[in-house]
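Given next are the chains, with one letter for each unit.
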Amino acid sequence: MYVCMCHAVTEDQVKKAIDGGANTPRQIAKGCRAGTDCGSCVRRIQALLGEHGARPCPTARLAAKLGLADPEDPAEPARVAPAAAPVVPLRVTRANRAA
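Residues numbered from 1 in each chain as written. Predicted model: local features only at pLDDT ≥ 70, side-chain atom pairs only at ≥ 80, totals over all residues. Heavy atoms only, no water.

K.L.:
Would you mind going over the overall build of the chain with me for this structure?
P.N.:
Tallying secondary structure elements over the chain gives five helices and two strands in all. Helices and strands appear in the chain in the N-to-C order β-β-α-α-α-α-α. Summarising the internal contacts of the chain: among those between residues at least 6 apart in sequence, 45% fall at separations of at least 24. Summed over its atoms, the accessible surface of the chain is roughly 7,900 Å², and 56% of this surface lies on carbon and sulfur atoms. (Helix = DSSP H or I, 4+ residues; strand = E, 2+ residues; numbered from the N terminus. Contact = heavy atoms within 4.5 Å. Areas by Shrake-Rupley, 256 points an atom, 1.4 Å probe, with all protein chains shown as cover.)

K.L.:
Help me out: how do you make sense of helix 3 (residues 42–51) in this one?
P.N.:
Residue pairs three or four apart in sequence face the same way in an α-helix, which turns once every 3.6 residues. All buried positions along helix 3 are accounted for by I45, L48 and L49. All buried residues of helix 3 lie within an arc of 100° about the axis, which places them on one face of the element. Of the surrounding elements, those touching the buried residues of helix 3 are strand 1 (2–4), helix 1 (11–19) and helix 2 (25–32). (Buried < 20%, exposed > 50% of the residue type's maximum accessible area, 1.4 Å probe, protein only. Arc of directions from axis to C-beta.)

K.L.:
Which parts of the structure should I look at to understand helix 1?
P.N.:
Along helix 1, the residues that are buried comprise E11, V14 and I18. An end-on view of helix 1 places all buried positions within 65° of arc, on one side of the element. In this structure, helix 1 carries D12, K16 and D19 as exposed residues pointing more than 90 degrees from its buried face. Those residues of helix 1 that are buried lie in contact with strand 1, strand 2 (9–10), helix 2 and helix 3. Trailing helix 1 by a residue or two, G21 shows a phi angle of about 115°, which is positive.

K.L.:
Would you explain the pattern of salt bridges in this entry?
P.N.:
For side chains of opposite charge, pairing can occur when their charged atoms come near one another. This model, assessed by the stated rule, comprises three salt bridges. As a salt-bridge pair, E11 and K15 come within 3.5 Å of each other at their nearest N and O atoms. Of this pair, E11 and K15 both sit in helix 1, separated by four residues, roughly a single helical turn. A relative accessible area of 14% means that E11 is categorised as buried. In this structure, R44 and E11 form a salt bridge, with 3.2 Å as the shortest nitrogen-oxygen distance. (Salt bridge = Lys/Arg side-chain N within 4 Å of Asp/Glu carboxyl O.)

K.L.:
Would you mind going over the confidence of the model for the chain with me for this structure?
P.N.:
Caution applies to low-pLDDT parts of the model: their predicted coordinates are not meant to be read in detail. The share of residues in the chain with pLDDT of 70 or more is 56%, and the mean pLDDT across the chain is 76. Element-level pLDDT for the chain is lowest in helix 5 (residues 94–97), with a mean of 63, against a maximum mean of 94 in strand 2. Residue range residues 74–78 is modelled with pLDDT below 50. Its contacts to residues more than four positions away, or to other chains, number three contacts. (pLDDT = per-residue confidence, 0-100.)

Following this line, the structure appears as C-alpha cells:
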C-alpha cells in the first residue's frame with residue numbers, strides 16, 4: 001500500500017527505513033522523500049513509527065497529556081469542536097476607503 005502518493009513510497013519502504021534506524025518522519029524523508037511534498041502522509045508515517053516502537057510524535061504526547069481523544073481511536077468518543085462565530089462582511093465606505 002502506498003503511504004506517500006507524491007513520491008510513490010510504499011508502507012514496506014517506510015518499514016525498511018524504520019528497521020534501518022529511522023525513528024522520526026524527518027529521518028524517513030531523508031531516505032525516500034516521503035512527507036516532503038504535500039505532507040498528507042506524515043500522520044501515517046508517524047503511526048508506522050509508533051507501531052514499530054519508535055518514539056511517538058510530540059503532538060501525540062501532548063494530546064495524551066491533555067487527555068484529548070486520539071482521532072484514529074474508535075473507542076474514544078468523538079469530540080465536537082465549538083461552532084465558529086458567524087463571519088460578518090466588512091462594509092467599505094468612502095470614509096474608511098481613504099484611510
